[in-house]
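The chain contents come next:
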Amino acid sequence: MRSRRRNTNLSLIKVEYALEAIKQGSAVVGLTTKTHAVLVALKRNAEELGSYQKKIIKVDEHLGIALAGLAPDARVLSNYLREQALNQKMVFNRPLSTEKASILLADKAQKNTQSYGGRPYGVGLLIIGYDETGAHLFEFQPSGSSLEYVGAAIGARSQAGRTYLERTFEEYANATKEELIVHGLNALRDTLAQDKELTKLNTSIAVVGKDTEFTLYDDDDVQQWLDRLDSVANNRRGAAAGNDDDDDEDENNDEGDEKKDDAAASAEEEGVKDEDKMETDE
Amino acid sequence: MVRVNKPYHVSLAEFLLQMLQVLGVGVHDDGERGRTSVGTGYDLSNSVFSPDGRNFQVEYAAKAVENGSTSLAIKTPTGVVFAVEKIITSKLLVPNKNNRIQTIGRSIGAVYSGLLPDGRHLVSRARDEFNSYRGQYKEDITVPYLIDRLGNYVQAYTCYNSVRPFGITSIIGGVDGEGSHLYMLEPSGVYWGYKGAAAGKGRQSAKNELEKLKYDELTSKDAIKEAARIIYLAHEDNKDKDFEIEISWVDTVETKGLHQFVPEDLLAEAKAYAQDKLNEDEDEDEEDDEDEDMDN
Amino acid sequence: MDHDPFRWGRPNDATYGGYNTKIAHANPQAGNAAMPTMNTQQPIVTGTSVIAMKFKDGIVIAADNLGSYGALARFDDVERLFPVGENTVVGISGDISDLQYISRLLEDLEIDNNYDYDGHSLRAPHIHEYLQKVFYARRSKMDPLWNSTIVGGFDDEGKPFLKYVDLLGVKYSAPTLATGFGAYLASPILRKVIFEEKDVEKVDEETARNAIKECMKVLYYRDARSLDKYSMITITKEKGVVFEKNLRSENQSWRFAKDIKGYGTQKV
């Protein structure tokens, strides 16, 4: 399809690719109650002997991010947030508010979409924080948008996670921290490919909230949470994703090129996403 | 030299479509329009005029705005009221957050339709202008002077290859020593003063309604109700989507010259009024269209 | 004696040779200027004491309206109390032009903070911390803002907050505070009402206000750079910021003056 009505210039085209980069990254899910916010993420390792790519970065005692897309870009952005959080602490002796953090990132990203030279950030972020107005979750995109959600999922096959969130989000408001983490892991599990399951090695969990500093669970610390799930494998496999039969033995890392069929699968999901949207918008 | 890059060109349209979706802007196709120079490369770059003297980049930017959610503002003798229709793109979004109306200084408000991040950029520039004026003259910038500075800024983004134009039409107004002011600023950098201004998808029906208001007699409190009513009405063009409404005001008396969101009770009152009026109109039409329940 | 004011207090050239600006590189802009850069060495137009105290529901703070040019009572309409945000006040003594600069910084701060709709208000501790950073940064450049200030309001727990910061970046907190001459003349009187933090609970608004008024009167009696026209701000959760301007020290009695000896034309 070639529209004569819409067009743009080259500096914007790059944003398109940036948004694609998010879909190439492994999935992350975020959710909130009034008092707590949780991030769960699926980690990949480039090769059997390599380490898993870090997905969750602590910014401050009360603030952290999860990334999908180019990890180096996320590091640049998280360093920027750390600077801002420190500055707020130093100059005003108060924590950086979660909303302010997300807006700072969005405004920083917008610059790269309007001018030539440089490129947009190739990473999507979920930002969680707990501050004097409670727990918050924001989704940041390289297009320069940053919106507050009750639950959000980004990255490869994230639509399945989003579907889970849309089905259950009304329960979150009064959920405990533990229940919220289980919801998060359930959503993350729904994004898994057929032959994958959540393990203590490929799962990261972070929580922040009332009387809870930003805490990151990796490796052995994750097992306690996985034990709470009824299943660590994708239990709706075959139903929605019957054609989703990729059996790649090694997943690519966040920066690498995603396998063709993986990309195709996520592209299909985007189609699903839009349909879903139409339904939910009514 | 004109740069033509066909492969890019094909993906451009898809891209902007995607951008608009990402930004929560509704997109619909309003048909093709014949245009001689489109696709010849004259439209790919800023700072290139087509043989018939048009800068397509700017026109495309204006198109992006036309599909954005509706925003409007009403000027009264003592103040300005801003309102915007916020389409709810996901039920996971936190209700009544993600504000769209912003403040410049203390007494100036801004709302925009189109690419929302560009709007934030413009407002951030406006705030810088406000600050630098204050730094130099130790008093607040007047609205007409601010809008002139912003007009020049936006215009500069139509002139160079290295940038793209702003994908927003912004409505900026407020009160200063000279009274109340309202302007609308387009992607080309052109701006006009208004009594009532509207941008975005529902602008046409909104303008029809705005033209009926009696601006000399309007109080800011009434303007809030009218703004709500017009947003609800304009939303009829976009009926299948849920929305929230955001209203702010600045008034020399009611808000002591400060731009702020309207209090809960006034907002509720305005929504109820809008709903009533809408139902009234529907009854008058005596058509058996199914009533759309739009309380939110 | 060398009567050039720029040479006062400096080593004598005849004895020590001329000042070598090349060694100091004190003023790179001025090239081979004869003198190094000189920043503020003293305040010019000044405001005198600011006094403040806590009470169980809030704080009260006062400062007179005088701007002195040395010993000359030059301006009688200088406002030295500045409300910032919802529930905070900054009282400033010292150089008036620096005061005006600080008041603009505070206004900018307030405007910027209002841009965020995140519900995070700017409270007294934040403003105090900010001012302290500004003062310390300036004094570290050897270009101080020549003021002492008191910030009053509520802390993060909602309890009354009162804290001092001055041109050196020195900060401290106490249930009663005073800058300048007030530190000598008013503090002892205020401490009779509140000696330590736990006394704050016992003091109501009326008592605190009367104590402050009494101190403003005493300051007018004994501080030659003061005025009996002053402003007072009372902050409570209930009523917010109550700003009273053009107050007068009432019921003055100058009978004590005849007993003061040791200056002027009197015979001791």
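Values in this document were obtained by computation on a predicted structure and should not be read as measured data.

### Looking at the overall build of chain B
For step 1, the next point in the chain: When its secondary structure is counted, chain B shows 7 helices and 10 strands.
For step 2, the next point in the chain: Expressed as a percentage of the 296 residues in chain B, the buried residues total 57%.
For step 3, the next point in the chain: Across chain B, every contact between residues at least 6 apart in sequence was considered, and the portion connecting residues at least 24 apart equals 66%.
For step 4, the next point in the chain: Here chain B has roughly 12,700 Å² of accessible surface; of this, 47% comes from carbon and sulfur atoms.

### Section: the nonpolar core
For step 1, the next point in the chain: Counting residues in hydrophobic clusters, the biggest one holds 50 residues, and the most contacted among them are A:Leu165, A:Tyr172, A:Leu185, A:Leu198 and A:Ile205.
For step 2, the next point in the chain: Those residues in contact with A:Leu198, other than ones at most four positions away along the chain, are A:Leu42, A:Leu185, A:Leu188, A:Arg189, A:Leu192, A:Thr203, A:Leu226, A:Leu229 and A:Val232.

### Examining the interface of chain A and chain C
For step 1, the next point in the chain: At the interface, 11 residues of chain A touch 15 residues of chain C.
For step 2, the next point in the chain: Overall, the association of chain A and chain C removes approximately 1,200 Å² of surface from exposure, summing both partners, and the carbon and sulfur fraction of that is 51%.
For step 3, the next point in the chain: The three residues of chain A that bury the most area against chain C are A:Phe92, A:Arg94 and A:Glu132, which together make up 44% of that side's buried surface.
For step 4, the next point in the chain: Joining chain A to chain C, the criterion identifies 2 salt bridges.
For step 5, the next point in the chain: A salt bridge links A:Glu132 to C:Arg123, with the nearest nitrogen and oxygen atoms 3.2 Å apart.
For step 6, the next point in the chain: Where chain A packs against chain C, one counts 9 residue pairs in polar contact (both at pLDDT 80 or more).
For step 7, the next point in the chain: Counting only elements with at least two residues in the side of chain A that touches chain C, the list comes to α2 (71–92) and α3 (98–114) of chain A.

### Details of the confidence of the model for chain B
All names here are of chain B.
For step 1, the next point in the chain: Counting all residues, the mean pLDDT for chain B is 85, and 81% of those residues have values of 70 or more.
For step 2, the next point in the chain: The model gives residues 1–18 a pLDDT under 50, and that stretch makes 41 contacts with residues more than four places away or in other chains.
For step 3, the next point in the chain: Across residues 288–296 the pLDDT falls below 50, and counting only partners more than four positions away or on other chains, this stretch makes 12 contacts in the model.

### Thoughts on the sheet that holds strand β2 (residues 79–87) of chain B
Residue and element names in this part refer to chain B.
For step 1, the next point in the chain: In spatial order, the strands read β8-β1-β2-β9-β10; together these 5 strands make up an open sheet with antiparallel pairing. A strand with exactly one partner marks an edge of an open sheet, and here the two such strands are β8 (196–199) and β10 (260–261).
For step 2, the next point in the chain: In the packing of helix α5 (residues 203–210) onto the sheet, the strands contacted are β1 (71–75) and β8, and the crossing angle to β8 comes to about 170 degrees.

### What about a nonpolar patch on the surface?
Residues and elements named next belong to chain C.
For step 1, the next point in the chain: On the surface, Ile 44, Tyr 69 and Leu 72 cluster together into a nonpolar patch covering about 310 Å² of accessible area.
For step 2, the next point in the chain: The residue Tyr 69 is located in strand β4 (residues 67–69) in this model.
For step 3, the next point in the chain: Judged by relative accessible area, which is 48%, Tyr 69 ranks as partly exposed.

### Some remarks on the side chain of B:Asn98
For step 1, the next point in the chain: In this structure, B:Asn98 sits in the loop between β2 and β3 (102–104).
For step 2, the next point in the chain: Of the polar contacts made by the side chain of B:Asn98, one reaches the backbone nitrogen of A:Glu148; its length is 2.6 Å.
For step 3, the next point in the chain: What B:Asn98 contacts, discounting residues up to four positions off in sequence, is A:Ser146, A:Leu147, A:Glu148, B:Lys86, B:Leu93 and B:Glu246.

### Concerning the pattern of salt bridges
Should the charged atoms of two oppositely charged side chains come close, the side chains can pair.
For step 1, the next point in the chain: As enumerated under the stated definition, the model contains 46 salt bridges over all chains in all.
For step 2, the next point in the chain: Across the pair B:Arg125 and B:Glu129 runs a salt bridge whose closest N-O atoms are separated by 3.0 Å. Of the two residues, B:Arg125 and B:Glu129 are both situated in helix α3 (residues 116–137); the distance of 4 residues between them amounts to about one turn of the helix.
For step 3, the next point in the chain: Of the residues examined, B:Glu129 reaches a relative accessible area of 5% and is grouped as buried.
For step 4, the next point in the chain: Shared partners join several salt bridges into a network, and the residues in it are B:Arg106, B:Arg134, B:Asp140, C:Glu107, C:Asp108 and C:Glu110.

### As for the packing of aromatic side chains
For step 1, the next point in the chain: One pass over the full model with this rule turns up 16 aromatic pairs over all chains.
For step 2, the next point in the chain: Ring centres 4.4 Å apart and planes at 15 degrees place the aromatic pair C:Tyr164 and C:Tyr172 in the stacked group.
For step 3, the next point in the chain: A relative accessible area of 8% places C:Tyr164 in the buried class.
For step 4, the next point in the chain: Look at C:Tyr172 and you get partly exposed, because its relative accessible area is 38%.
For step 5, the next point in the chain: For the cation-ring pair, A:Arg94 lies above A:Phe92, with the distance from its terminal atom to the ring centre recorded as 5.3 Å.
For step 6, the next point in the chain: Across the ring face of B:Tyr273, the terminal group of B:Lys225 is positioned such that the distance to the ring centre comes to 5.5 Å.

### With respect to a negative patch on the surface
For step 1, the next point in the chain: Taken together, the side chains of B:Asp276, B:Glu280, B:Asp283 and B:Glu284 present a region of like negative charge at the surface.
For step 2, the next point in the chain: The exposed category is assigned to B:Glu284, whose relative accessible area is 60%.

### Considerations on unusual backbone geometry
For step 1, the next point in the chain: One non-glycine residue, A:Asp211, lies in positive phi territory at about 55 degrees.
For step 2, the next point in the chain: You can see A:Asp211 is positioned in the loop between β9 (203–209) and β10 (212–217).
For step 3, the next point in the chain: Judged by its relative accessible area of 78%, A:Asp211 is exposed.
For step 4, the next point in the chain: In this structure, C:Asn246 takes a positive phi of about 55 degrees despite not being glycine.

### Topic: the packing of α3(B) against helix α4 (residues 143–156) of chain B
Residues and elements named next belong to chain B.
For step 1, the next point in the chain: Where α3 meets α4, the axes come as close as 10 Å, and the angle between the chain directions of the two elements is 130 degrees. The angle between α3 and α4 places the two elements in the oblique class. The handedness of the crossing between α3 and α4 comes out as right-handed. Only Tyr 145, Leu 146, Arg 149, Leu 150, Tyr 153 and Val 154 of α4 make contact with α3, whose side of the interface consists of His 121, Leu 122, Arg 125, Ala 126, Glu 129 and Tyr 133.
For step 2, the next point in the chain: In the contact of α3 with α4, the residues fall into 8 nonpolar, 1 polar and 3 charged.

### What about helix α4 (residues 158–168) of chain A?
Structural remark: α-helix, 3.6 residues per turn; residues separated by three or four positions point the same way.
For step 1, the next point in the chain: The buried count for α4(A) comes to 9 of 11 residues, which makes it a mostly enclosed element.
For step 2, the next point in the chain: Here α4(A) has its buried residues at A:Ser158, A:Gln159, A:Ala160, A:Gly161, A:Arg162, A:Tyr164, A:Leu165, A:Glu166 and A:Thr168.

### Points about the pairing of strand β13 (residues 240–248) of chain C
Residue and element names in this part refer to chain C.
For step 1, the next point in the chain: Across 7 bridges, strand β12 (residues 229–236) lies against β13 in antiparallel orientation. In the strand pairing of β13, Met 232 is matched with Glu 244.
For step 2, the next point in the chain: Once β12 ends, the chain turns through 3 residues before running back antiparallel as β13.

### Details of the sheet that holds β13(C)
Residue and element names in this part refer to chain C.
For step 1, the next point in the chain: Taken together, the 5 strands give an open sheet; going across it, the order is β11-β2-β3-β12-β13, and neighbouring strands pair in antiparallel fashion. Bordering the open sheet on either side are β11 (176–178) and β13, each of which pairs with just one other strand. Taking each pair of neighbouring strands and ignoring which way they run, the sheet shows an average axis angle of 15 degrees.
For step 2, the next point in the chain: Judged from the 6 bridges that link them, strand β2 (residues 50–55) and strand β3 (residues 58–64) form a sheet pairing that is antiparallel. Residue pairing in the sheet places Val 50 in a bridge with Ala 63 of β3.

Parameters at a glance
Residues numbered from 1 in each chain as written. Chains lettered and ligands numbered in written order. Predicted model: local features only at pLDDT ≥ 70, side-chain atom pairs only at ≥ 80, totals over all residues. Heavy atoms only, no water. Helix = DSSP H or I, 4+ residues; strand = E, 2+ residues; numbered from the N terminus. Buried < 20%, exposed > 50% of the residue type's maximum accessible area, 1.4 Å probe, protein only. Contact = heavy atoms within 4.5 Å. Areas by Shrake-Rupley, 256 points an atom, 1.4 Å probe, with all protein chains shown as cover. Core = buried A, V, L, I, M, F, W, Y, C linked by side-chain atoms within 4.5 Å. Buried area = accessible area lost by both parts, 1.4 Å probe. Salt bridge = Lys/Arg side-chain N within 4 Å of Asp/Glu carboxyl O. Polar contact = N/O pair within 3.5 Å; in protein donor to acceptor, adjacent residues only side chain to side chain. pLDDT = per-residue confidence, 0-100. Pairing = 2+ DSSP bridges. Axes fitted to C-alpha atoms, helices over the stretch in contact; angles between N-to-C directions. Patch = residues over 30% accessible without salt bridge, like charges linked within 9 Å, V, L, I, M, F, W, Y side chains within 5 Å. Phe/Tyr/Trp six-rings, centres within 6.5 Å; stacked < 30°, edge-to-face > 60°. Lys NZ or Arg CZ within 6 Å of the ring centre and 35° of its normal. Lys, Arg positive; Asp, Glu negative; His and termini not counted. Charge placed at Lys NZ, Arg CZ, Asp CG, Glu CD. Parallel < 35°, antiparallel > 145°, perpendicular 65-115°, else oblique. Left-handed = near helix turned anticlockwise from the far one by under 90°. Nonpolar A, V, L, I, M, F, W, Y, C, P; charged D, E, K, R; others polar.

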